[in-house]
There are 2 protein chains.
Amino acid sequence: MASSSSLTLSQALIYRSTTHNASPSSDRILLPAAAISIPTFSGLKSSSSAAPSSIPTRSSRRLNSRCTSTRASAAVETIGKTDTELVDKSVNTIRFLSIDAVEKANSGHPGLPMGCAPMGHILYDEVMRYNPKNPYWFNRDRFVLSAGHGCMLQYALLHLAGYDSVKEEDLKNFRQWGSSTPGHPENFETPGVEVTTGPLGQGIANAVGLAAAEKHLAARFNKPDAEIVDHYTYAILGDGCQMEGISNEACSLAGHWGLGKLIAFYDDNHISIDGDTDIAFTENVDARFQALGWHVIWVKNGNTGYDEIRAAIQEAKAVKDKPTLIKVTTTIGFGSPNKSNSYSVHGSALGAKEVDATRQNLGWPYEPLHVPEDVKSHWSRHTPAGAAIEAEWNAKFSAYEKKYPEEAAELKTIISGELPSGWEKALPTYTTESAADATRNLSQQCLNALVKVIPGFLGGSADLASSNMTLLKTFGDFQKSTPEERNIRFGVREHAMGAICNGIALHTPGFIPYCATFFVFTDYMRAAMRISALAEARVIYVMTHDSIGLGEDGPTHQPIEHLASFRAMPNIFMMRPADGTETAGAYKVAIESRKTPTVLALSRQKLPHLDGTSIEGVEKGGYIISDNSSGKNNPDVILIGTGSELEIAVKAADILRKEGKTVRVVSFVCWELFFAQSDEYKESVLPKAVEAKVSIEAGTTFGWAKIVGSKGKAIGIDSFGASAPAGKIYEEFGITVEAVVTAAKSIS
Amino acid sequence: MASSSSLTLSQALIYRSTTHNASPSSDRILLPAAAISIPTFSGLKSSSSAAPSSIPTRSSRRLNSRCTSTRASAAVETIGKTDTELVDKSVNTIRFLSIDAVEKANSGHPGLPMGCAPMGHILYDEVMRYNPKNPYWFNRDRFVLSAGHGCMLQYALLHLAGYDSVKEEDLKNFRQWGSSTPGHPENFETPGVEVTTGPLGQGIANAVGLAAAEKHLAARFNKPDAEIVDHYTYAILGDGCQMEGISNEACSLAGHWGLGKLIAFYDDNHISIDGDTDIAFTENVDARFQALGWHVIWVKNGNTGYDEIRAAIQEAKAVKDKPTLIKVTTTIGFGSPNKSNSYSVHGSALGAKEVDATRQNLGWPYEPLHVPEDVKSHWSRHTPAGAAIEAEWNAKFSAYEKKYPEEAAELKTIISGELPSGWEKALPTYTTESAADATRNLSQQCLNALVKVIPGFLGGSADLASSNMTLLKTFGDFQKSTPEERNIRFGVREHAMGAICNGIALHTPGFIPYCATFFVFTDYMRAAMRISALAEARVIYVMTHDSIGLGEDGPTHQPIEHLASFRAMPNIFMMRPADGTETAGAYKVAIESRKTPTVLALSRQKLPHLDGTSIEGVEKGGYIISDNSSGKNNPDVILIGTGSELEIAVKAADILRKEGKTVRVVSFVCWELFFAQSDEYKESVLPKAVEAKVSIEAGTTFGWAKIVGSKGKAIGIDSFGASAPAGKIYEEFGITVEAVVTAAKSIS
């Protein structure tokens, strides 16, 4: 067996964000490329050490999980073989870890963990395949707690299973500053947590993305003699998730795609924050899911019916062409004599008296946060077993690699997230002689170039592929029967699209999903986009029709405040390229920003290729594209534009220069990148001493005062747009060369 | 019959926005109160003139539709009595008006009108009850084109029905600057259009709101001997609307509420922009709607099966306890020999050649935009008939008023939108001695005070009533069997909640709906909120947990960029009150802003009542709450805060003053209102000469540079939040008195 084949490929991939909590005063965004270390594949070779090492939970978290323990994985997956009394005890351990941690924090949600402890136990103790000492092992089963408020369930399970991210100390620090056990599951804080949930419905849509990613990779890489990609995706969602539109969108797609390895548990407890779900939620969920193309199973006793739960999972696994919803009827706050089955147990600590009463009721004599020895001992097998599962897979991969070296190499690239060397050379290049074109079309050239060199590149549009120009010409559609393809058809489901892309991006580091709609419809998917930013999911948002320039469709379709709204959002790059070169530059930044999603605002209308634009400039966010002043950094006036209005700034500069002014034109393609540059650089582009600054952008002027200063002028649109041909609207709203010239003259 | 009873109550309510299109350079928002004329009821008395007057389409549009024509309304509603050949001709008129207008504009969506013309004809010619000369007649049937891109269908129907808002000239100006026929239906441009649609799924959710409003008013005001409120709500939605999550949310509620008078036509044409719906949308829609509690009917031949459509409507009306979905299978672009049943007919003009071919194919010898005389003559009856329907209702109302004067007076108030005189006196008052409280609790005091004096005040939360503090204590729940109540339980469905409130607000001017969730979850409903702003729907968004101050729930729940994102949005007031007085002031502004929605950002944590806050101050958006300088408008430093951070500014001022500084403290509760004030006022609060300005707000600093200037300091949070107790997070993020003091000293 070659030493290069026994892989824990993901071990080199674990960065820690500097954007989260570490220091509130640190830069709000990461630089691309420079600040990010790209792992080299040489670091991925395994050693033969049998002892798994621990994961440093709050520092670099670079894993060294190297083990060749050979305990058979089957032992872990066997269903129904565990002594029921011990299961009861394990389940109650989960319940009391949750109760006690919430009680200590005096804040949190004990109700869900108390009700869902049985399904949680069965999943993590009997069903799921994972390696607690390498939470990033590629072929692990994924678990998503879509009802993220119940996060103590997951922390308790990770703790019992032996994940180093959730030690006893971490349970004691539940919901405290700097802990790895925050108030909702956050993948960037807690290894073992796959995605960031809490905003309801996001998690189940992430799970659809995770399952779609598995199906795609399996179809691309599995061979009749080697199922190298083969894991399940499990999720728990509650009534809240079910009510959210995003879950219906995502589950409709899951049914359409036939994601047979997605198994979702619906915690059917009939209680939400406002009380009994009867007050607002009386639809027939089972029938709805059947209509969406799911297999549906009802577990009537989720509180103690372990065998029912086990049987349901077995049945779900047997249905290979449909995702399965297991409706598990539970009692929220099960075990609490006075608060169970009521909203009062949903989102508050039980209180000392009720904690005591619950201990009495469930016969739990232990101290807070205690794990009984027999339970501890029972769960302890997951450390060697997990190592064995991973080792087994490594051996499998080794054989695969020998037989299918090309596929193995490609899969490795996806698993590691390493970008193929020289990938950026594939980006198209342009000169000022190139034909004028809309940046949405130029974007399509980039997409089609990138997909040829980046194996994990894939994506699609929310039913606007031919308007967003997002079709990959060398690939077919990702569909139920062709999951190996890379054009994803999301339908008119923007919100699920964003969340599914988060799931894909967080499945494996080499995935770079893009998704598209009209820029204004980011309003439909903003919650998912914010999760991309928070969860550090590298999703590329291809947003076309980026201004009044879309014309006749009118104000419902014309973004105004959207550029500002994303510039204000932490850890997301809002890019508005002006031509072909800048579009290529924007993609370069987006690809290299491993922990930061990017929004590309692209034009519907044709734009010329401008003199002076550059990829290097784009990487700095704002840069000089022309200047006819003396070189002393003191032009008479600085004109600043973005996207389609950079051309207007250039034309205005021409006129002003003819009239004898010295004029600098600055492209301000990405504010976040610009403000991350050195003070010296920023001063070199926008010197404080030059107070005559004019900005032009076909969007709100909100925020521009910071750029143009109190003596400068910001030209934009602070009302809604209008339905008319684009040229007419530009004229009527005063987004014109004349307006820029007039403004410039008035202050210089 | 008393002259006071023959009412066209809504006639006094039609204002024209100055924010739309009129002048892009005009102020971006309307002032409340001052800029808005509240109608007096004396203007509502009808004359006895039989001739309806016309509606000025582009000026004030104040209606004078006064008629007592007595033609029986039944004649209009009768189904199936019209000669089929004439119906064919009318249907083809609708098709060709659409084809020709799109062709002339060389832009638009002919496919839907060509397919939906039969159901459109039957609705407007045979089924719906309306008065074309008074589009605002209160008891009209409502129609919503949820698939708004097909707006030429609606414009053609309004034109044929005799609405003065869509004359032949307007059809010729389809999608042109300043026309009343914009690219998507806009209620503020085109009388006869109820709501603004285009962003998919919004319309069907609006329709749920309209139907809920009807059900509520009917339950409150109808008597066994007088059904004074009694209309249907019709909608047409397409595959796109069906895929959007918002429609599932809204339709789940419609089923839960048993909205029997909501009848939605699903244009089942199997084509969306990306092609056949099979590529992304294969769920069983019928079964899903049945699961949502709807009655479902399938019309298999929507292209020519007039009787099928008629029968379906009759059946739908007979089902009184459930909304009905009529799935109408149609051919997109019906009649176009080469483009029908393909995506190419969805969103582009057919082209001259195909227009000719379609004329040939459907046997249409007429010039573009021609309405044949017999069709014109057939439709002409709607003008007298509509007047008769309204007159009949007026007579009914007159009788009602005699018998039930109290109820009639209340209903009149709702219909007119006139605020009861002195309503604002109901707002609670506070002193600095009042107990510290969270603004979410103070908000609840306002809600409960207002509901007692404003008959059209109602609302609720997306399953967070006990956290948002939105329960109306003197009312029960609006439910299927208690629709007269005013607490609406939206479930965890933020997006539908916003859109349903838009429907309620636009149903009748006196409705003032509020809705609530955590501020961060505006991300889920932003598309609906933007429609509130664009469509001038007075919805009050009660958004609590407005900062890191919510504590342990962590960054998924902590708004950062949200204040900025709404400040950047046109025509919406983003208010962040600091204490009880300011909360009351914010509600005063919200109630008086008839054409502008308001977002209230409210704290979870307790705040003291501050010296110097005032309702008058809030109405100006930004104002001085204290200043120990000489009165020459030149303090050493100006501290500016909003909401929960105003207290911090006050405390910092105390310290600085003790150290000898002259300090002004400014509450900046609503930026939009402040910037709408005179330059003189603005200078009096934030003099340019005082460069030492420090702002503090527990949110992004994005946008604050405009306020504090280039020498000032903005204290805020430009990264995501964290999970920990609130006090700890404030400290770690530097949102502290010390930070303000230090910043102030560094620049003054």
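Here the structure is shown first, and the text comes after it.
Here the structure is a predicted model, which means the values were calculated and not measured.

Parameters and conventions
Residues numbered from 1 in each chain as written. Chains lettered and ligands numbered in written order. Predicted model: local features only at pLDDT ≥ 70, side-chain atom pairs only at ≥ 80, totals over all residues. Heavy atoms only, no water. Salt bridge = Lys/Arg side-chain N within 4 Å of Asp/Glu carboxyl O. Helix = DSSP H or I, 4+ residues; strand = E, 2+ residues; numbered from the N terminus. Buried < 20%, exposed > 50% of the residue type's maximum accessible area, 1.4 Å probe, protein only. Polar contact = N/O pair within 3.5 Å; in protein donor to acceptor, adjacent residues only side chain to side chain. Expected span 1.5 Å × (residues − 1). Least-squares fit on C-alpha atoms with pLDDT ≥ 70 in both. Contact = heavy atoms within 4.5 Å. Axes fitted to C-alpha atoms, helices over the stretch in contact; angles between N-to-C directions. Parallel < 35°, antiparallel > 145°, perpendicular 65-115°, else oblique. Left-handed = near helix turned anticlockwise from the far one by under 90°. Nonpolar A, V, L, I, M, F, W, Y, C, P; charged D, E, K, R; others polar. Buried area = accessible area lost by both parts, 1.4 Å probe. Pairing = 2+ DSSP bridges. Disulfide = S-S within 2.5 Å. Core = buried A, V, L, I, M, F, W, Y, C linked by side-chain atoms within 4.5 Å. Phe/Tyr/Trp six-rings, centres within 6.5 Å; stacked < 30°, edge-to-face > 60°. Lys NZ or Arg CZ within 6 Å of the ring centre and 35° of its normal.

Undergrad: Requested: an account of the pattern of salt bridges, with residues and values cited.
TA: Residues and elements named next belong to chain A. Tallied over the entire structure, the rule returns 72 salt bridges over all chains. Ionic pairing is found between D286 and K327, a salt bridge with its closest N-O pair at 3.1 Å. Taken as a pair, D286 in helix α9 (residues 285-291) and K327 in strand β7 (residues 324-329) lie far apart in primary sequence, 41 residues in all. By relative accessible area, which is 16% here, D286 ends up buried. Residue classification places K327 among the buried positions, given a relative accessible area of 12%. Linking E373 and K376 is a salt bridge whose minimum nitrogen-to-oxygen distance equals 3.7 Å. In this pair, E373 and K376 both sit in helix α12 (residues 373-380), 3 residues apart, roughly one turn of the helix. A network of salt bridges, in which partner residues are shared, links E126, D307 and R310.

Undergrad: How would you summarise the side chain of R489 of chain B if you had to cite specific residues and measurements?
TA: Along the polypeptide, R489 of chain B turns up in strand β11 (residues 487-489). R489 of chain B gets classed as buried once you look at its relative accessible area, which sits at 12%. Polar contacts involving the side chain of R489 of chain B include one to the side chain of D274 of chain A, which spans 3.4 Å. Within polar-contact distance, the side chain of R489 of chain B engages the side chain of D477 of chain B at 3.0 Å.

Undergrad: Account for helix α15 (residues 439-453) of chain B, with residues named and values stated.
TA: Taking 1.5 Å of rise per residue, the 15 residues of α15 of chain B would be expected to cover 21 Å, and the 21 Å separating its terminal C-alpha atoms lies within 8% of that figure. Counting buried positions over the 15 residues of α15 of chain B gives 11, a clear majority of the element.

Undergrad: Talk me through the relation of the copies chain A and chain B; I want residue IDs and the actual numbers.
TA: Least-squares fitting of chain A to chain B yields an RMSD of 0.0 Å, with the superposition described by an axial translation of 0.0 Å and a rotation of 180°. A rotation of that kind, with that shift, is consistent with a two-fold axis. When C-alpha distances to the rotation axis are compared across chain A, the minimum falls at G245 of chain A, with a value of 1.8 Å. Of the residues that chain A buries at the interface, 100% are likewise interface residues in chain B, meaning the two copies contact each other through the same surface.

Undergrad: I'd like a rundown of the packing of helix α22 (residues 646-658) of chain A against helix α27 (residues 737-747) of chain A, residues and numbers included.
TA: Residues and elements named next belong to chain A. Packing of α22 against α27 leaves a shortest axis separation of 8 Å and a crossing angle of 55°. By the criterion of interaxial angle, the relationship of α22 to α27 is oblique. For the pair α22 and α27, the crossing hand works out as right-handed. Listed contacts from α27 to I648, K651, A652, I655 and L656 of α22 are V737, V740, V741, A744 and K745. Looking at the contact of α22 with α27 residue by residue, the class counts come to 8 nonpolar, no polar and 2 charged.

Undergrad: Summarise the interface of chain A and chain B; cite the residues concerned and give the values.
TA: Contacts between chain A and chain B engage 103 residues on the former and 103 residues on the latter. Surface buried jointly by chain A and chain B totals about 8,500 Å² across both partners, of which 58% is contributed by carbon and sulfur atoms. The tally of links between chain A and chain B comes to 8 salt bridges. Between D274 of chain A and R489 of chain B there is a salt bridge, with the nearest N and O atoms lying 3.4 Å from each other. Remark: the boundary between chain A and chain B carries 49 residue pairs in polar contact (both at pLDDT 80 or more). It is helix α18 (residues 522-535) of chain A that provides the largest number of residues to the side of chain A that touches chain B, a total of 8 residues. Its residues assigned to classes, the side of chain A that touches chain B comprises 42 nonpolar, 36 polar and 25 charged.

Undergrad: Tell me what's going on with the sheet that holds strand β2 (residues 233-237) of chain B, and back it up with residues and numbers.
TA: Residues and elements named next belong to chain B. Taken in spatial order, the 5 strands line up as β1-β2-β3-β7-β6 in an open sheet, and their pairing is parallel. In this open sheet, the two strands that pair with only one neighbour each are β1 (142-145) and β6 (295-299). Geometrically, the sheet is characterised by an average inter-axis angle of 15° between neighbouring strands, direction not taken into account. In this sheet, β2 lies alongside β1 in parallel orientation, the contact comprising 4 bridges. By the bridge assignment, V144 is partnered in β2 with A235. Along the sheet face, helix α3 (residues 111-127) touches β1, β2, β3 (262-268) and β7 (324-329) and points at about 155° away from the line of β3. Strand contacts of helix α10 (residues 306-318): β2, β3, β6 and β7, with the helix running at about 170° to β6, the strand carrying the most contacts.

Undergrad: I'd like to hear about the sheet that holds strand β19 (residues 663-667) of chain A, residue by residue, with values.
TA: Residues and elements named next belong to chain A. With respect to topology, 5 strands assemble into an open sheet ordered β17-β19-β18-β20-β21, the strand pairing being mixed. The open sheet has two edge strands with one neighbour each: β17 (623-627) and β21 (713-715). On average, each strand axis in the sheet is tilted by 20° relative to the strand beside it, whichever way the strands run. The strands touched by α22 within the sheet are β17, β18 (637-641), β19 and β20 (693-696), with β19 carrying the most contacts at an inclination of about 175°.

Undergrad: Tell me about the state of the cysteines, residues and numbers included.
TA: Residues and elements named next belong to chain A. Using the criterion set out here, one finds 0 disulfides over all chains in the structure. In this model C116 remains outside any disulfide bridge; the closest cysteine sulfur is found in C241, 11 Å from its own. C670 carries a free sulfur, and the closest cysteine sulfur to it, the one in C446, is 16 Å from it. On the basis of relative accessible area, C670 is assigned to the buried category, the value being 0%.

Undergrad: Quick rundown of the pairing of strand β6 (residues 295-299) of chain A? Include the residues and the values.
TA: The two faces of the sheet receive side chains in turn, since in a regular strand these alternate between them. Residues and elements named next belong to chain A. Counting buried residues in β6 gives 4 out of 5 residues, a clear majority hidden from the surface. Bridge count between β6 and β7: 5 bridges; the pairing is parallel. Within the sheet, the bridge partner assigned to W298 lies in β7 and is K327.

Undergrad: Run through the nonpolar core, naming residues and quoting values.
TA: Grouped together as the largest cluster of nonpolar side chains are 157 residues, with contacts concentrated most on L639 of chain A together with L639 of chain B. Setting aside chain neighbours within four positions, we find L639 of chain A in contact with A649, A652, A653, L656, V663, R664, V665, V666, V694, V740 and A744 of chain A.

Undergrad: Any details on the packing of aromatic side chains? Residues and values, ideally.
TA: Across all of its chains, the model carries 57 aromatic pairs over all chains by this definition. Ring centres of W257 of chain B and F478 of chain B lie 5.0 Å apart, and the angle between their planes is 85°; this geometry places the pair in the edge-to-face category. With a gap of 221 residues between them, W257 of chain B in helix α8 (residues 245-257) and F478 of chain B in strand β10 (residues 477-478) connect regions that are remote in the sequence. Over the ring of Y404 of chain A we find K223 of chain A, and its NZ or CZ is 4.9 Å from the ring centre. When the ring centre of F675 of chain A is taken as reference, the NZ or CZ atom of K706 of chain A above it lies at 4.3 Å.

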